[in-house]
Amino acid sequence: MNQVPGSGVAETEQSLTTTDGRGFQKKNDAYTLPTDRNEHTRLDLQHEAVRLILGGELYQTPELVRAALSLRENTKRRILDVGAGSGRWAIEMAEEFPHAEVLGIDLVEPDVLSDPTRRVPSNCSFENADANEYMAKIDSVYDLVHFRCVELGIHDSDLFFYDAARVLRPGGLLLLMGADPKLVDEKGQTIPVQKPGTIGYSHYQHFISCFTEVHLKLGSLRLRHPFWKSMLDSNPNYSEVQVQELLIHVVPWSNDMNETKRKQAETMQANLLRILPAFKASILRDKTLPEEFVNELFEGAMKEVREMPPVIHRYFKWVFGTAVRNETAWTARKGPWQEPPGFDVYDYVVRPLSED
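Predicted, not measured: the structure shown is a model, and the values here were computed from it.

> Would you mind showing me how to read the environment of Leu-43 here?
Here Leu-43 lies in helix 2 (residues 37-53). Given the relative accessible area of 19%, Leu-43 is considered buried. Distance in space between the C-alpha atoms of Leu-43 and Ala-84 is 9.7 Å, their sequence separation being 41 residues.

> Can you help me understand the pairing of strand 3 (residues 77-82) in this one?
The side chains of a regular strand alternate, residue by residue, between the two faces of the sheet. The buried count for strand 3 comes to five of six residues, which makes it a mostly enclosed element. Across six bridges, the pairing between strand 3 and strand 4 (residues 100-106) is parallel. By the bridge assignment, Arg-78 is partnered in strand 4 with Glu-101. After leaving strand 3, the chain enters helix 4 (residues 88-96) and then returns to the sheet as strand 4, a path that is right-handed. Here strand 3 runs beside strand 6 (residues 142-148); their pairing, made up of four bridges, is parallel. Each residue of the ladder has a partner; that of Val-82, found in strand 6, is Phe-147.

> How should the nonpolar core be read in this particular structure?
Across soluble globular proteins, nonpolar side chains show a tendency to be buried alongside one another. In this structure, Tyr-204, Phe-207, Leu-276, Phe-279 and Trp-318 are the most contacted members of the largest nonpolar core, which totals 46 residues. At the level of secondary structure, the elements contributing two or more residues to this core comprise helix 2, strand 7 (168-184), helix 7 (203-217), helix 9 (259-286), helix 10 (291-307) and strand 9 (315-325). The biggest single contributor to this core is helix 9, with eight residues. Beyond its immediate chain neighbours, meaning those up to four positions away, Tyr-204 contacts Pro-181, Leu-183, Leu-272, Leu-276, Ala-301, Glu-304, Val-305, Ile-312 and Phe-316. In terms of nonpolar packing, the next biggest core, distinct from the first, is built from 30 residues, Leu-80, Ala-129, Tyr-134 and Phe-161 among them.

> Can you walk me through unusual backbone geometry in this structure?
With the exception of glycine, most residues fall at negative phi, and the peptide bonds are largely trans. Backbone geometry at Thr-61 places phi at a positive 45°, although glycine is not the residue there. Looking at the secondary structure, you find Thr-61 in the loop between helix 2 and helix 3 (62-68). With a phi angle near 60°, Met-308 is a residue other than glycine that sits in the positive phi range. Looking at where Met-308 falls in the secondary structure, it is placed in the loop between helix 10 and strand 9. A relative accessible area of 25% means that Met-308 is categorised as partly exposed.

> Would you mind going over the packing of helix 2 against helix 9 with me for this structure?
With their axes 9 Å apart at the nearest point, helix 2 and helix 9 run at an angle of 155° to one another. In terms of orientation, helix 2 and helix 9 fall into the roughly antiparallel class. You can see that helix 2 and helix 9 cross each other, and the crossing is left-handed. Contacts between helix 2 and helix 9 involve Glu-39, Thr-41, Arg-42, Leu-45, Gln-46, Glu-48, Ala-49, Leu-52 and Ile-53 on the former and, on the latter, Lys-263, Gln-264, Thr-267, Met-268, Ala-270, Asn-271, Arg-274, Ile-275 and Ala-278.

> I'm lost on the packing of aromatic side chains in this one. Help?
Centre distance and the angle of the planes are the two values used to describe a pair of aromatic rings. In total, this model carries 13 aromatic pairs according to the counting rule given. For the pair Phe-343 and Tyr-348, a centre-to-centre distance of 5.5 Å together with 15° between the ring planes defines the contact as stacked. A residue is classified by how much of its surface remains accessible, and Phe-343, at 24% relative accessible area, is partly exposed. The side chain of Lys-280 reaches across the aromatic face of Phe-298, ending 4.6 Å from its centre.

> Mind showing me how you'd approach the pattern of salt bridges here?
Opposite charge on two side chains makes pairing possible when the charged atoms of those side chains draw close. The full count for this structure, using the stated rule, is 21 salt bridges. The salt bridge partner of Arg-37 is Asp-111, with a shortest N-O separation of 2.7 Å. One end of the pair, Arg-37, is in helix 2; the other, Asp-111, is in the loop between strand 4 and strand 5 (124-128), with 74 residues separating them in the sequence. Looking at Asp-111, the relative accessible area reads 18%, which means it is buried. Notably, a salt bridge pairs Asp-158 with Arg-333, separated by 2.9 Å at the nearest N-O pair.

> What's the story with the sheet that holds strand 8 (residues 238-249) in this structure? I'm lost.
Sheet strands pair by backbone hydrogen bonding; their relative direction is either parallel or antiparallel. Taken together, the seven strands give an open sheet; going across it, the order is 5-4-3-6-7-9-8, and neighbouring strands pair in mixed fashion. Single-partner strands in this sheet number two, and they are strand 5 and strand 8. Neighbour-to-neighbour, the strand axes of the sheet open up by a mean angle of 15°, direction not taken into account.

So, how was this worked out
Residues numbered from 1 in each chain as written. Predicted model: local features only at pLDDT ≥ 70, side-chain atom pairs only at ≥ 80, totals over all residues. Heavy atoms only, no water. Helix = DSSP H or I, 4+ residues; strand = E, 2+ residues; numbered from the N terminus. Buried < 20%, exposed > 50% of the residue type's maximum accessible area, 1.4 Å probe, protein only. Pairing = 2+ DSSP bridges. Right-handed = clockwise from strand over helix to strand, strands pointing away. Core = buried A, V, L, I, M, F, W, Y, C linked by side-chain atoms within 4.5 Å. Contact = heavy atoms within 4.5 Å. Axes fitted to C-alpha atoms, helices over the stretch in contact; angles between N-to-C directions. Parallel < 35°, antiparallel > 145°, perpendicular 65-115°, else oblique. Left-handed = near helix turned anticlockwise from the far one by under 90°. Phe/Tyr/Trp six-rings, centres within 6.5 Å; stacked < 30°, edge-to-face > 60°. Lys NZ or Arg CZ within 6 Å of the ring centre and 35° of its normal. Salt bridge = Lys/Arg side-chain N within 4 Å of Asp/Glu carboxyl O.

In structure tokens form, the structure reads like this:
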């Protein structure tokens, strides 16, 4: 792709639909978050938060990443970043691995392409594409496929993992990261929504339950990271599957944090103050809940994040996964992935407040 500053981003901005001052792309109705410049700015902040979680690295399991991208004679290393967002990860990977070609795909082009002060390395390019359609068309071979916080826009995570295996070179690496905005306790259990005015009521958790209901209207649960391990273990194309869950402070509420954890929590807090307006725009775009009610919840959630009362002294769950493409010929999926017996979506998301 020709990396001329401003060559496509302005057109993309103009083609967005607008709700509550936020721009939304038109390619994939399932992806409910904005895709405008404000969101790309927030994604830069989220990128910094993830690097803090990963100890300054761009990726988990650095030994596997460096092995997959090691220099080899007569072999061009290639990286595919699915859901490239602001482009920061792709650009920094291109800088760290100058011998590799990095391609970032997303529903809109990254804002960095319209900023002449920000350099895009010659070994990094971006393409405006929907991964649900694009993955099946790829005929290149990649050494690493990266997938960060894009589950909302992926129709079928299990099918995506099969498509990723098809384009990965034997020994290549699938690198996953997901996050859930709901509040959980120190054991990772979801904090239930209490009735307004009662002890333990959180505007934030109530607000997240409303955002979740908007998401669920568009189809089945797409935040599938609780099932990554079972999906990848049952996929014959992968080996060395690792999935790790980490609990990260929502805001810097504890006096016992070390300097690293406090910086993580402060960055998470700043990220939250930027993503909550995006969630509000998504809820208003659905047009089910009264605007006055949504605004009241939103203001209460923002106040909790800023002032850190006890109801927000909780954690977020972040999930990191890796899988190595094995040496055997690629095997296509034989049938859709099945949810476990007794599956209840509200075992995995915030159950809405009862109307009783």
